[in-house]
4 protein chains.
Amino acid sequence: MPAILKHDNYGKSKVRVVKVTREGSLHKMKEFSVDISLEGDFEDVHRTGNNEKVLPTDTMKNTVYALAKKNDVNTVEEFALYLSDHFKNNNNQVSTVNIDIQQSTWKRIHVEGKEHDHSFISGGNEKRTCSVRQNDINTEIESGIKDLLIMKTTHSGFTGYIKDQYTTLKETTDRIFETVVTAKWNYTNEDVDYNFLHDNIREEILTTFAKHDSLSVQQTLFAIGENVINKFKDVKEISISMPNKHCLLIDLSRFGMENNNEIFVPTDEPHGLIEATMGREK
Amino acid sequence: MPAILKHDNYGKSKVRVVKVTREGSLHKMKEFSVDISLEGDFEDVHRTGNNEKVLPTDTMKNTVYALAKKNDVNTVEEFALYLSDHFKNNNNQVSTVNIDIQQSTWKRIHVEGKEHDHSFISGGNEKRTCSVRQNDINTEIESGIKDLLIMKTTHSGFTGYIKDQYTTLKETTDRIFETVVTAKWNYTNEDVDYNFLHDNIREEILTTFAKHDSLSVQQTLFAIGENVINKFKDVKEISISMPNKHCLLIDLSRFGMENNNEIFVPTDEPHGLIEATMGREK
Amino acid sequence: MPAILKHDNYGKSKVRVVKVTREGSLHKMKEFSVDISLEGDFEDVHRTGNNEKVLPTDTMKNTVYALAKKNDVNTVEEFALYLSDHFKNNNNQVSTVNIDIQQSTWKRIHVEGKEHDHSFISGGNEKRTCSVRQNDINTEIESGIKDLLIMKTTHSGFTGYIKDQYTTLKETTDRIFETVVTAKWNYTNEDVDYNFLHDNIREEILTTFAKHDSLSVQQTLFAIGENVINKFKDVKEISISMPNKHCLLIDLSRFGMENNNEIFVPTDEPHGLIEATMGREK
Amino acid sequence: MPAILKHDNYGKSKVRVVKVTREGSLHKMKEFSVDISLEGDFEDVHRTGNNEKVLPTDTMKNTVYALAKKNDVNTVEEFALYLSDHFKNNNNQVSTVNIDIQQSTWKRIHVEGKEHDHSFISGGNEKRTCSVRQNDINTEIESGIKDLLIMKTTHSGFTGYIKDQYTTLKETTDRIFETVVTAKWNYTNEDVDYNFLHDNIREEILTTFAKHDSLSVQQTLFAIGENVINKFKDVKEISISMPNKHCLLIDLSRFGMENNNEIFVPTDEPHGLIEATMGREK
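Treat the numbers as computed from the prediction; the structure is a model and nothing was measured. (Residues numbered from 1 in each chain as written. Chains lettered and ligands numbered in written order. Predicted model: local features only at pLDDT ≥ 70, side-chain atom pairs only at ≥ 80, totals over all residues. Heavy atoms only, no water.)

## What to know about the relation of the copies chain C and chain B
1) Next: Structural alignment of chain C on chain B gives an RMSD of 0.0 Å, achieved by rotating through 180 degrees and translating 0.0 Å along the axis. On this basis, the relationship between the two copies can be described by a two-fold rotation axis.
2) Next: Taken as a fraction of all interface residues of chain C, those also at the interface in chain B reach 100%, which identifies the copy contact as same-surface. (Least-squares fit on C-alpha atoms with pLDDT ≥ 70 in both. Contact = heavy atoms within 4.5 Å.)

Put into structure tokens, the structure is as follows:
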């Protein structure tokens, strides 16, 4: 009973590229990190080491550089589709192309009250993301936001939950709610404005988070998803991941002091992890 | 058309615990990092904030501590199953329990040629892993190894691949092959010796990697998987991920020097990523 | 010849604390990570294990929490001084107290065009820093900025440098200049406005970086320091560290394409590291 | 009162290089990460952008590759001195050269009970380190070990310390002691066996840590330093840093269970930090 190859994929990860485009003295700059992964007819390479169907991952890297030059990179989505088309159309042995891109969030430096034309400051760890999965039949595209770190210092509680022999958590109607949001959404149609949706979904996440009277992380997460689904008809589904980065209230009574929700210890581990996907009825 | 909840899960991640057991002056010590995630009847908590079916993630954390005391933690697999059973059996609202554990690889310090009875040294970043997914119907268990960093300095080549307009890679019959292996396997039956299989699969990975005349990362990866499938009848499938951590040959001819595969630059990004799953015919 | 103890210090690192203060519904929130280190009469604890002069590091941690409650934490500098005074005044065995604090850079979320009163978004990796070193004779205070990631896409060149047998770098009058600034400054007097200086030195760094026609990282770094020294008489010295995070121009001619400073590969390693301290004549 | 340049240095950091040497089929492999920093007559470059005295950091990088070829790299110390000599002797404008190297700790893979001749496995995060500081007058060399992660599960206590209003720590005569050691030592003379000293100092650290009945981290740290000073006459001073990576005893009595030093939570932050330098009387 010989071993069989049940699944395989290969590619290049973390291909970083910066593209600068110029309109006179005004520079635009975008930074991407691209992951490429191919599936297809690669049984031979695994079994015999025959590489005649292997597009080297080094070539994938070069292709990202060349296609970043050729493409306008107006949106990360268009760049991902452009890359995916290239690899699918030029490699008959490939059945599926996966492209995943993270775009860094640079902003312009303000100098004397105005946006500078060629100087930029990092927008932090937040990334704009895009995944494309293309095979012979269709092309799926998913847009997203990653590592959006936010906190609210009130209007968050957690009560009425199960108590068992291992429960020590105290109910609270006023706690800190800190999370680092990852969101991914796909589309109901192909004729969408990627930048408009990215910017407005991001704003909807921030606004709902700020305004929501949270009874649980789950409820706030769902409220965000529900608002996105209700407001943006182009969005088919949205998946949201919201780790609960606990800020623990310190017991200051041991030192003869009151702690009226003033002093907290932020912690990285362990952390809650709350995830859900919201869609729309057909 | 109201938004619908299509999927959800929640839990606690990175619950770290060290357990010390004593046999006289001989101490055994194990360190785990546990992730727990539950799926089930949680529509209400998302829509209304009614938490009456919510087992708090803080309680999950406490449960890990308590069950680490109750269980022998002979193997990471038994501990994961013990945790999974607890959460499944005590929460009717839960349809699926997911437990993921990473075990750190501590070794005993040698003092005057002998293993010390209560002092330990880190085995590095390598982890032993286990995932359990339990629902009403069945319980799936997967064991693994993570972050096993290895290198061979010869008996690796890469030739005969596709050349296109973006190819710059030179063919080579002698290169460095560095990778950091992640492997996961499941089982053909329930009556298996987890420790024996972990130790022997790990040795098989190292031995095959060392001895293989590699024509590609894919071929070596498959050889490892094939050997595991052929030697260990208890293993049903094994998935292996082998990023190609490129060590680039430096062009020293610019400085009037030859570089006979002596001087390389190790790089972290971009890196190749080669993945496959090997199984057995039924 | 017995071993002698030539120097020692001990303390607690990464004591994280969030303080929320309320003015009606308006919340202010600050997040700090505090390092404390003490020097003094600790020979006995090292030689004999007599701990009677040891303030436990666990108590240092509790003290940070309690003093965060007691102090207004108007500025990171006042909080650092308050902590330092406490440890120096309450521990006769201590000759020197070192306090190092990193403050995270949270900003308010904008909701419907206005700053929200209790919701915040991370300002990224940038930190505001403060170091205090206090002994019987004096108290030194140093303020700073850490991990300010910036990039300019033109008005940076590098020419006229030494060429030797190992030179391969090409001269350029137009390159990308990316760096992550760390700056630290101390004061000519004790009566200074810490917040004003932090905000204005930060703006001076950004403005000078953006406007400077850079002939080298060194020249730009010095221009920043010179401007700070000239504009802010309260600043005695400023030390600046500017790693050169290279963005390498890709050779697209191999693919029959021109690369007119459009396509670059950002790299993390190796990186240049340029550091200098600027002061004022007495 | 113009700004003055009080100090400056520049160089290249994280220049990674792997060197493979062959004795027939037996391969030796070493991996280094090199930091270079120069001080000297660089006022002009800072003030005017005149780069005629600037050795580019890109050239420093190339020099590391070329000199890794030329040098035997028998020890990290010899390689660091070789690099330092090169930069000092070929650059009249340089007053001081700083070389810092971290060597990765690869070990041979065992195949069928024997060390394989060209396959290696990572020794973990532990690094062997070396710093050289060379000026016109002398050359200082310091060797070291970094990130040696160790734990003992008993024979460690902490009692008799100061109690004040912020004390909550309980005294204990039996706790876990986990630390990640950094040690650096210099030499009484120039005629030393670097490899012998590295290996034996490392063993002394591990042995003393394992065997010591610890009344405090300070006492154990000093015992290690004292033993090194007493046993190795070639060592002039040794500086040791031992963060106290707390493993906290969980209160299981809340769940009706005893915790006889069995179940602990390892934590990364906050952590203690204990540091000292031991020397010898003249």
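## Quick notes on the interface of chain B and chain A
1) Next: The interface of chain B with chain A comprises 73 residues on the first partner and 73 residues on the second.
2) Next: Interface area lost by chain B to chain A is led by His46, Ile162 and Tyr166 of chain B, which between them contribute 11%.
3) Next: Along the contact surface separating chain B from chain A lie six salt bridges.
4) Next: Among the salt bridges present, the one from Arg47 of chain B reaches Glu226 of chain A, with a minimum N-O distance of 3.9 Å.
5) Next: Counting the contacts that link chain B with chain A gives 32 residue pairs in polar contact (both at pLDDT 80 or more).
6) Next: The element that contributes the greatest number of residues to the side of chain B that touches chain A is strand β1 (residues 3–23) of chain B, accounting for 14 residues.
7) Next: Class assignment for the residues of the side of chain B that touches chain A results in 26 nonpolar, 29 polar and 18 charged.
8) Next: Across ten bridges, the pairing between strand β10 (residues 271–280) of chain A and β1 of chain B is antiparallel. Across the sheet, the residue bridging to Gly272 of chain A is Lys12 of chain B, located in β1 of chain B. (Buried area = accessible area lost by both parts, 1.4 Å probe. Salt bridge = Lys/Arg side-chain N within 4 Å of Asp/Glu carboxyl O. Polar contact = N/O pair within 3.5 Å; in protein donor to acceptor, adjacent residues only side chain to side chain. Helix = DSSP H or I, 4+ residues; strand = E, 2+ residues; numbered from the N terminus. Nonpolar A, V, L, I, M, F, W, Y, C, P; charged D, E, K, R; others polar. Pairing = 2+ DSSP bridges.)

## Concerning the relation of the copies chain B and chain A
1) Next: When chain B is brought onto chain A, the operation consists of a screw motion whose angular component is 180 degrees and whose axial shift is 0.0 Å, with 0.0 Å RMSD remaining.
2) Next: Of the interface residues in chain B, 100% have counterparts in chain A that sit at the interface too, so the contact is made through matching surfaces.

## So, the side chain of His198 of chain D
1) Next: Within the fold, His198 of chain D resides in helix α4 (residues 194–211).
2) Next: His198 of chain D has contacts with Arg128, Gly144, Ile145 and Trp185 of chain D, leaving out every residue within four places of it along the chain.

## Examining the interface of chain C and chain B
1) Next: The interface of chain C with chain B comprises seven residues on the first partner and seven residues on the second.
2) Next: Carbon and sulfur atoms make up 58% of the area that chain C and chain B hide from each other, which totals about 640 Å².
3) Next: Considering only the surface of chain C that becomes buried against chain B, Tyr166, Thr168 and Phe255 of chain C emerge as the three largest contributors, covering 55% of it.
4) Next: Here chain C is connected to chain B by zero residue pairs in polar contact (both at pLDDT 80 or more).
5) Next: Looking at the side of chain C that touches chain B residue by residue, the classes come out as two nonpolar, two polar and three charged.

## Thoughts on the pattern of salt bridges
1) Next: All told, the structure shown has 80 salt bridges over all chains when counted by the stated rule.
2) Next: The salt bridge involving Glu31 of chain A is made with Arg16 of chain A; its shortest N-O contact spans 3.2 Å. Of this pair, Glu31 of chain A sits in strand β2 (residues 26–40) while Arg16 of chain A sits in strand β1 (residues 3–23); the two residues are 15 residues apart in sequence, bridging distant segments of the chain.
3) Next: With relative accessibility at 15%, the residue Arg16 of chain A sits in the buried group.
4) Next: Where Glu39 of chain B meets Arg133 of chain B, a salt bridge forms, and the shortest distance between an N and an O atom there is 3.2 Å. (Buried < 20%, exposed > 50% of the residue type's maximum accessible area, 1.4 Å probe, protein only.)

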